[in-house]
Each structure stands twice: as structure tokens, then as C-alpha cells.
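Examining the three-dimensional arrangement
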Amino acid sequence: MYSAYLWVKSFHILFVVAWMSSVFYLPRILVNVAEAGDQAAVRERLLLMGRRLYRFGHNMFGLAFVAGLVLWLGHRVVGGFPTMVGSPAGWLHAKLALVVLLVVYYVLTGRWLKNAAAGKPLASARALRVFNELPVLVLLAIVWLVLAKPF
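This report concerns the structure included in the present document. (Residues numbered from 1 in each chain as written. Predicted model: local features only at pLDDT ≥ 70, side-chain atom pairs only at ≥ 80, totals over all residues. Heavy atoms only, no water.)

Some words on unusual backbone geometry
Stated formally: What counts as a helix is a DSSP run of H or I of at least four residues, what counts as a strand is a run of E of at least two, and both are numbered from the N terminus.
Backbone geometry at Lys149 places phi at a positive 40°, although glycine is not the residue there. Secondary-structure assignment places Lys149 in the segment after helix 4 (125-148).

A few points about the packing of helix 3 (residues 90-117) against helix 4
In a packed pair of helices, the relevant descriptors are the angle between the two axes and the axis-to-axis distance. Using the following cut-off: Here an angle of 0 to 180 degrees is reported between the N-to-C directions of two axes, which are lines fitted to C-alpha atoms, with helices fitted over the stretch in contact. Working rule for angles: under 35 degrees goes down as roughly parallel, over 145 as roughly antiparallel, 65 to 115 as roughly perpendicular, anything else as oblique. By definition, any crossing whose near helix is turned counterclockwise from its far helix by less than a right angle is left-handed, and any crossing with a clockwise turn is right-handed. In what follows, a contact means two residues having at least one pair of non-hydrogen atoms within 4.5 Å. For this classification, Asp, Glu, Lys and Arg are treated as charged, while Ala, Val, Leu, Ile, Met, Phe, Trp, Tyr, Cys and Pro are nonpolar and the rest, including Gly, are polar.
Interaxial distance between helix 3 and helix 4 falls to 9 Å at its minimum, and their mutual angle equals 160°. In this view, helix 3 runs roughly antiparallel relative to helix 4, as classed from their interaxial angle. Of the two possible hands of crossing, helix 3 and helix 4 adopt the one that is left-handed. Residues Trp91, Ala94, Lys95, Leu98, Val99, Leu101, Leu102, Tyr105, Leu108, Thr109 and Trp112 of helix 3 pack against Leu128, Phe131, Asn132, Leu134, Pro135, Val138, Ala141, Ile142, Leu145 and Val146 of helix 4. Broken down by class, the residue content of the contact of helix 3 with helix 4 amounts to 18 nonpolar, 2 polar and 1 charged.

A closer look at helix 3
Put simply, the test is: Expected span of a helix: the number of residues minus one, times 1.5 Å. Accessible area is worked out with a 1.4 Å probe on protein chains only. A residue is then buried under 20% of its type maximum, exposed over 50%, and partly exposed in between.
The end-to-end C-alpha distance of helix 3 is 41 Å, a good match for the 40 Å that 28 residues give at a rise of 1.5 Å each. Of the residues making up helix 3, those classed as buried are Trp91, Leu92, Lys95, Leu102, Tyr105, Tyr106, Thr109, Gly110, Leu113 and Ala116. Of the residues one or two after helix 3, Gly119 is the one with positive phi, at around 90°.

Focus: the packing of aromatic side chains
Quick reminder of the rule: In summary, the pairing rule links any two rings of Phe, Tyr or Trp, Trp by its six-membered ring, whose centres are within 6.5 Å, and it sorts them by plane angle into stacked for under 30 degrees, edge-to-face for over 60 and tilted for everything else.
Under the defined criterion, the tally for this structure stands at 8 aromatic pairs. Between the aromatic rings of Tyr105 and Phe131, the centroid separation amounts to 4.3 Å while the plane-to-plane angle is 20°, which identifies the pairing as stacked. With Tyr105 in helix 3 and Phe131 in helix 4, this residue pair connects regions lying 26 residues apart in the sequence. Exposure remark for Tyr105: the relative accessible area of 8% places this residue in the buried category. Accessibility expressed as a relative area gives 12% for Phe131, which makes it buried. Through a chain of ring-to-ring contacts, the aromatic side chains of Trp19, Tyr54, Phe61, Phe65 and Tyr106 assemble into a single cluster.

Here's the deal with the environment of Val16
Along the chain, Val16 turns up in helix 1 (residues 2-36). Val16 gets classed as partly exposed once you look at its relative accessible area, which sits at 25%. When the C-alpha positions of Val16 and Gly62 are compared, they lie 9.6 Å apart, and in sequence the two are 46 residues distant.

A few points about the packing of helix 1 against helix 3
Orientation of helix 1 relative to helix 3, taken along the N-to-C sense of each, is 35°, at an axis distance of 10 Å. Pair helix 1 / helix 3 crosses with left-handed handedness. Across the interface between the two elements, His12, Trp19, Met20, Ser22, Val23, Leu26, Pro27, Leu30 and Val33 of helix 1 pack against Lys95, Leu102, Val103, Tyr105, Tyr106, Thr109, Gly110, Trp112, Leu113 and Ala116 of helix 3. A per-class count over the contact of helix 1 with helix 3 returns 14 nonpolar, 4 polar and 1 charged.

What about helix 4?
Along an α-helix, residues three or four apart share an orientation, since each turn contains 3.6 residues. Along its 24 residues, helix 4 runs 36 Å from first to last C-alpha, staying within 8% of the 34 Å computed at 1.5 Å per residue. Residues of helix 4 that are buried include every one of Ala125, Leu128, Phe131, Asn132, Pro135, Val138, Ile142 and Leu145, and no others. Its buried side turned inward, helix 4 meets helix 1 and helix 3. At the C-terminal side of helix 4, Lys149 shows a positive phi close to 40°.

Topic: the environment of Leu14
With respect to the helices and strands, Leu14 occurs in helix 1. For the pair formed by Leu14 and Val42, sequence separation is 28 residues and the distance between their alpha carbons is 31 Å.

What follows is the structure, given as C-alpha cells:
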């Protein structure tokens, strides 16, 4: 059963990495949209890329979420399935709060993409670049919580 646990954990990490690629790259597409100016063809291509990436990210998040649930609660459903959550599990609550923050960030980025496609103005390219760096700090905190399990 430990082998199944490792497979689920591996898939969870893979899907999280794939989702994070969307979290990191979608704001970069918005920077390019903001810099495209009056180049309609470039702008439309970037918006199409953004919509496809946003959809891909949704799918990867869903798969990561399901794998995470199995890791968290699998021992209650499948006999002999190890649990990654011991006592105390405050680190897990902190991690999940940061994941919720990343989800809010991702949804906000998707709304900005949708608004840009509707012709509404975006923030400046500089502001979008700064916004693009925020998830790196949140991801660093998540990785530290998972590895250190400080509380």
C-alpha cells in the first residue's frame, strides 16, 4: 500500500507543478497584452494563449486537489494507506490557507484576462510584473511548511 501512497504523492506534486506553471505564466501573458498596445493580432493571440493556459491550470489544479484529498484522507477509505498528517497538523492548515491565497490570486488573474479580452484596461506592465512575483513568495512558504512541519 505504501507504493500506492508514493504514486499518489508523485502525481500530486506533478499536478501542483503544472498548475504553478500557469500561476506563474498567466500574469506574464498579461504583461505582454499590456505592452501590445494597438497591435490587434498580437493582442488576440496572447489572449487566446491566456485562455488556453487558464483552462489548463484549472484542470491541473483539479487533479492536484483530488490527489491531495487522497493523501489527506486516503487512510480513512483504504485500509493500510499511510497518512501524511500526524499530530499536530497546524502546518497543514497554514499550507492550505496559503493554497487558498494562490487560488484567489489565480482567479483574479483569470478575471483580468477576461476583462482584457472585453477591452477593459489592464494595470501597467510594471505593476503586472510586480504582481507576477508574489506567488513565488507564497510557494516558498508552502514548500517550507511541507518540509519543516514546524507546528
